[in-house]
Amino acid sequence: KAGVTQTPRYLIKTRGQQVTLSCSPISGHRSVSWYQQTPGQGLQFLFEYFSETQRNKGNFPGRFSGRQFSNSRSEMNVSTLELGDSALYLCASSLDARYEQYFGPGTRLTVT
Amino acid sequence: GIQVEQSPPDLILQEGANSTLRCNFSDSVNNLQWFHQNPWGQLINLFYIPSGTKQNGRLSATTVATERYSLLYISSSQTTDSGVYFCAVGNTGNQFYFGTGTSLTVIP
């Protein structure tokens with residue numbers, strides 16, 4: 001069974017731009033979560049989607065948004081990028097949030 | 001949210017030594033996992049263990065949910081065990097709360 005895939009793997013953007021990251025979950029998984037990892041803040045929860053519905057959102061500004069499609073693939077968007085948005089963005093998929101989570105390889109975003 | 005504390009924050013071992021990593025959490029959970037983060041950033045699943053004990057080769061884990069802690073045991077450590085180990089927990093809120101990790105260095 002194929003694992004969780006994330007694209008792109010690396011991204012360099014300029015302050016003020018916007019970015020869209022993609023996550024394809026394991027086949028059959030309907031829950032997709034997103035996390036931001038930075039050296040200073042560690043791993044922080046962004047949001048969780050299940051069957052195209054956002055069920056929970058972390059404490060991030062409205063510049064961070066996401067969506068999930070009918071095939072469970074998910075995208076997250078960050079508008080008006082700031083230097084502090086430079087991070088590793090990780091996506092996790094599972095049958096449901098209380099079951100085992102499987103993480104993708106991550107997208108490393110650098111904002112200059 | 002749930003507070004997750006991992007100890008020790010850093011650990012240096014000689015190859016072949018054993019170690020115990022601890023994860024304390026502040027609330028009841030229905031999901032607990034241990035991960036090893038590789039140098040490229042990917043989180044590798046070690047154990048899904050909301051309660052009980054599991055073993056996988058040189059690694060084993062125990063979660064005592066009623067006392068809100070979990071332990072990860074690494075026996076006969078190897079240099080390839082180096083990296084950061086994370087504990088993450090979840091409850092009914094559909095999100096994972098991560099600890100700050102234990103950075104393990106195994107020296108030959």
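Our structure's up above, just so we're on the same page.
Residues numbered from 1 in each chain as written. Chains lettered and ligands numbered in written order. Predicted model: local features only at pLDDT ≥ 70, side-chain atom pairs only at ≥ 80, totals over all residues. Heavy atoms only, no water.

Novice: I tried to follow the overall build of chain A on my own but got confused; where do I start?
Specialist: The helix and strand tally for chain A stands at zero helices and eleven strands. For chain A, the α and β elements follow one another from N to C terminus as β-β-β-β-β-β-β-β-β-β-β. Computed over the C-alpha atoms, the radius of gyration of chain A is 13 Å, within 12% of the 13 Å expected from 2.2 N^0.38 for a compact globule of 112 residues. Along the longest, intermediate and shortest principal axes, the C-alpha atoms of chain A span 35 × 25 × 25 Å. Within the span of chain A, comprising 112 residues, buried residues form 51% of the whole. Once local pairs closer than 6 in sequence are excluded, the contacts in chain A between residues at least 24 apart make up 54%. In the form shown here, chain A has an accessible surface area of approximately 5200 Å², with 47% of it arising from carbon and sulfur atoms. (Helix = DSSP H or I, 4+ residues; strand = E, 2+ residues; numbered from the N terminus. Rg over C-alpha atoms; globule rule 2.2 N^0.38 Å. Buried < 20%, exposed > 50% of the residue type's maximum accessible area, 1.4 Å probe, protein only. Contact = heavy atoms within 4.5 Å. Areas by Shrake-Rupley, 256 points an atom, 1.4 Å probe, with all protein chains shown as cover.)

Novice: So what exactly am I meant to see when it comes to the overall build of chain B here?
Specialist: Check the secondary structure of chain B and you find zero helices and eleven strands. Here chain B has a C-alpha radius of gyration of 13 Å; the compact-globule value for 108 residues is 13 Å, and the two agree. Across its three principal directions, the C-alpha atoms of chain B cover 45 × 25 × 20 Å. In chain B, which comprises 108 residues, the share counted as buried stands at 50%. Taking the contacts inside chain B whose residues are at least 6 apart along the sequence as the reference set, 55% of them involve residues at least 24 apart. Of the roughly 5000 Å² of accessible surface on chain B, 49% is carried by carbon and sulfur atoms. One finds the centroid of the 4 positive side-chain charges in chain B at a distance of 8 Å from the centroid of its 6 negative side-chain charges. (Lys, Arg positive; Asp, Glu negative; His and termini not counted. Charge placed at Lys NZ, Arg CZ, Asp CG, Glu CD.)

Novice: What is the right way to read the pattern of salt bridges from this model?
Specialist: A side chain with one charge can pair with a side chain of the opposite charge if their charged atoms come near. Residue and element names in this part refer to chain A. The full count for this structure, using the stated rule, is eight salt bridges over all chains. When the shortest N-O distance is used, the salt bridge between Glu-75 and Arg-67 registers 3.3 Å. In this structure Glu-75 comes out as buried when scored by relative accessible area, which is 15%. Taking the relative accessible area as the measure of exposure, Arg-67 reaches 46% and is therefore partly exposed. Taken together, the shared-partner salt bridges in this structure form one network comprising Glu-48, Arg-55, Asp-96 and Arg-98. (Salt bridge = Lys/Arg side-chain N within 4 Å of Asp/Glu carboxyl O.)

Novice: Would you explain the nonpolar core in this entry?
Specialist: For soluble globular proteins, nonpolar side chains are generally found buried alongside one another. Of all hydrophobic cores here, the largest spans 23 residues; its most connected members are Trp-34, Leu-72 and Val-89 of chain B. For this core, the secondary-structure elements that each account for two or more residues are strand E2 (10–14), strand E3 (19–25), strand E4 (31–37), strand E5 (43–48), strand E7 (59–64), strand E8 (69–74), strand E9 (83–90) and strand E11 (102–107) of chain B. Counting residues in hydrophobic clusters, the runner-up holds 21 residues, among them Cys-23, Tyr-49, Ala-87 and Tyr-89 of chain A. (Core = buried A, V, L, I, M, F, W, Y, C linked by side-chain atoms within 4.5 Å.)

Novice: Can you walk me through the sheet that holds strand E6 (residues 52–56) of chain B in this structure?
Specialist: Across a sheet, strands are paired by hydrogen bonds formed along the backbone, either parallel or antiparallel in direction. Residue and element names in this part refer to chain B. Strand order in the open sheet made by the five strands is E1-E3-E8-E7-E6, with antiparallel pairing throughout. Bordering the open sheet on either side are strand E1 (4–7) and E6, each of which pairs with just one other strand. Ignoring which end each strand starts from, the neighbouring axes of this sheet average 15° apart. Direction of pairing for E7 relative to E8: antiparallel, over a ladder of six bridges. Counted as the bridge partner of Leu-59 is Ile-74 from E8. (Pairing = 2+ DSSP bridges. Axes fitted to C-alpha atoms, helices over the stretch in contact; angles between N-to-C directions.)

Novice: So what exactly am I meant to see when it comes to the state of the cysteines here?
Specialist: Every disulfide links exactly two cysteines, by a covalent bond between their sulfur atoms. All names here are of chain B. Counted by the stated rule, this structure contains two disulfides over all chains. The disulfide partner of Cys-23 is Cys-87, and the S-S distance across this bridge is 2.0 Å. Across the S-S bond linking Cys-23 and Cys-87, the dihedral sits near -55°, which makes this disulfide left-handed. Residue Cys-23 is found in strand E3, and its partner Cys-87 is found in strand E9; the two are separated by 64 residues along the sequence. The same class applies to Cys-23 and to Cys-87, which are both buried. (Disulfide = S-S within 2.5 Å.)

Novice: How should I be thinking about unusual backbone geometry in this particular structure?
Specialist: Note on backbone geometry: most residues besides glycine have negative phi, and most peptide bonds are trans. Geometrically, the link from Thr-7 of chain A to Pro-8 of chain A is a cis peptide bond, its omega value of -10° lying close to zero. With respect to the helices and strands, Pro-8 of chain A occurs in the loop between strand E1 (5–7) and strand E2 (10–13). The peptide bond linking Ser-7 of chain B to Pro-8 of chain B adopts the cis configuration, its omega dihedral lying at -10°. With respect to the helices and strands, the residue Pro-8 of chain B is situated in the loop between E1 and E2. Residues other than glycine seldom take positive phi values, yet Thr-80 of chain A does so here, at roughly 45°. When its relative accessible area of 48% is taken as the criterion, Thr-80 of chain A is described as partly exposed.

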